[in-house]
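# Coordinates in review
Single-letter residue listing:
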Amino acid sequence: MADGRLKVCICGGGNGAHALAGLAAAHAQFESRVLTLYQDEASRWRKMMADDGFVISIKKPEGGNDQIRVRPFHVTADASEAVPVADVIIIVVPAFTHHQYLTAIKPHVKRGAVIIGLPGQPGFELQCLSVLQEKAGHCTILSYESLPWATRIAEFGKKVRHLGTKDALLGSIVKGDTTLSFDPVATLQSLLGGKPQLRLASNFLETNLMTKAYVHPVMMHAKYKDWHGEPLTERPLFYQGLTKEGASELVAISDEVMATAHAISRIRPDVKLENVEHLEPWIIRSYNHTIKDPTSLHMAMATNSAYDGLLDPMIEIAPGRWMPDFNHRYLQEDVPFGLAVLKGIAELAGVSTPVSDRVLKWCQQQMGLDLIVGSQLKGKDIYLTRSPQAFGYLTLNELLAEL
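Moving on, we get to the packing of aromatic side chains. For any two aromatic rings, the description comes down to two numbers: the centre-to-centre distance and the angle of the planes. Under the criterion given, the structure shown has 12 aromatic pairs. A centroid spacing of 4.9 Å and a plane angle of 80° characterise the contact between Phe-238 and Tyr-239, whose relative ring orientation is edge-to-face. Cluster of aromatic residues (ring-pair linked, three or more members): Phe-238, Tyr-239, Tyr-287, Tyr-307 and Tyr-330. In this structure, Arg-44 packs its charged tip against the face of Phe-156, placed 4.2 Å from the ring centre. When the ring centre of Trp-282 is taken as reference, the NZ or CZ atom of Lys-212 above it lies at 4.7 Å.

If you want it as structure tokens, here you go:
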């Protein structure tokens, strides 16, 4: 920060990374750098913006777009070029690649760096502690529930479009032993602008239990548990095609999550979990302007216009013949970094989760994994998840010690 600017390293090369890198470059307070490890993305990105720089197109509520053009910024595939000077490191990649990026940055992270998962997804904090080891204790770790906005790359390495911004974003913070010269939450808020409004939960366990990452695996289970392998002739609606049985499963798993929160609060009243909320009121409140019938979770999902046209993840094996895609992120990301994390926390709290167990057993079969044995998360592949057990936390007190 010798020149007065905070050095920001954006990890990733997708929609969110394009958006954040452009915003940081447009802000006089920051110096923007990008680390992307995927194939030749770094060289392609540098080449694309070499002549005319980079453009951020921001959709205005009243119509039209604001265009912000920034000068080229540093993009590299070499962590040693981007990370050592970084005051803030923002990881903006799918959860299944977090380990790759954390491993790459570990040798170069300086004392007092702020590491942000945007989004972090459940278990992000535990993975940071595990991969970064002693360096994690000198860093501040933040994790937010989702990206701040809907955004799409218009032209790789050259232009990104902001399509809409969320009102608020909830996160958690794990403070290291280093005194920072800046407020990390206020700094991220300055980078993002007035919206979304950044809020902090009481602790990372609260945000882990608030995740809605179990929704997709449960819906895939409800739709395809009785499927016998025959191709479908059309792609079904995903959210709006939710059956009553599927909605009942969602309610039941949300009940199990609430039971976990209540059990932890009884065991440790000092651990604040009051923001953990059942799925049904959360869905109805979050989409109150687009849900026509909020009388039940089933009807709220079926009548939510925000879900119009969203279809099941499928693979077209021949014209008009579709197979469900079990390699889609709805399982590959939301099981190990969502449902399995919730199951692991519940197990440490002594809470029975028969519905989660049933869904997990079906999911692991589709994914070719061994995660749950009987009713315990002790399969040989749990190391591929971010459950507490994957990182060696075998009692609730061991996990709560990290808060």
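The structure having been displayed, the exposition proceeds.
To continue, consider the pattern of salt bridges. Scanning the model with the defined rule gives 15 salt bridges in all. With a closest N to O distance of 3.2 Å, Lys-223 and Asp-312 form a salt bridge. Placement of Lys-223 in helix α8 (residues 215-224) and of Asp-312 in the loop between α11 (297-302) and β13 (314-318) is noted, with a sequence separation of 89 residues between them. In this structure Lys-223 comes out as partly exposed when scored by relative accessible area, which is 21%. The structure contains a network of salt bridges with shared partners spanning Arg-5, Glu-31 and Arg-33.

Here the focus is the pairing of strand β8 (residues 140-144). Counting buried residues along β8, 5 of its 5 residues qualify, which places the element largely inside the surrounding structure. Every second residue of β8 is oriented toward a common face, with Thr-140, Leu-142 and Tyr-144 on one face and Ile-141 and Ser-143 on the other, all of them buried. Summarising the sheet, strand β7 (residues 114-117) and β8 pair through 4 bridges and their orientation is parallel. If you follow Ile-115 over to β8, its bridge partner there is Ile-141. Handedness of the β7-helix α5 (residues 124-132)-β8 crossover: right-handed.

Turning next to the sheet that holds strand β10 (residues 159-165). The sheet built from 4 strands is open, its strands ordered β4-β3-β10-β9 with mixed pairing. Pairing within the sheet leaves two strands with one partner each, and these edge strands are β4 (65-70) and β9 (149-155). Neighbour to neighbour, the strand axes of the sheet diverge by 20° on average, direction disregarded. In the sheet, strand β3 (residues 54-59) pairs with β10 via 4 bridges, with the strands oriented parallel. Among the inter-strand pairings, Val-55 is bridged to a residue of β10, identified as Lys-159.

What counts and how
- Numbers given for residues are sequential positions, taken from 1 along each chain in its written order.
- Two thresholds apply to this predicted model, a pLDDT of at least 70 for residue-level local features and 80 or more for giving and counting side-chain atom pairs, whereas whole-chain, interface and lining totals are computed over all residues.
- With hydrogens and water set aside, each side-chain value is computed from the structure's full complement of heavy atoms.
- The aromatic pairing rule takes the rings of Phe, Tyr and Trp, using the six-membered ring of Trp, and pairs them if the centres are within 6.5 Å, calling planes under 30 degrees apart stacked, those over 60 edge-to-face and the rest tilted.
- A ring is considered to have a charge above it if a Lys NZ or an Arg CZ atom is located within 6 Å of its centre and within 35 degrees of its normal.
- The salt bridge definition used is simple: a Lys or Arg side-chain nitrogen within 4 Å of an Asp or Glu carboxyl oxygen.
- Helix numbering and strand numbering both begin at the N terminus, where a helix is a DSSP run of H or I of at least 4 residues and a strand a DSSP run of E of at least 2.
- Burial classes follow relative accessibility: with a 1.4 Å probe on protein chains only, a residue under 20% of its type's maximum area counts as buried, one over 50% as exposed, and anything between as partly exposed.
- Two strands are said to pair when DSSP picks up at least two bridges between them.
- The handedness rule is simple: strands pointing away from the viewer, and a clockwise path from the first strand over the helix to the second, make the crossover right-handed.
- The convention used is that axes are lines fitted to C-alpha atoms, helices contributing only their stretch in contact, and that angles between N-to-C directions extend from 0 to 180 degrees.

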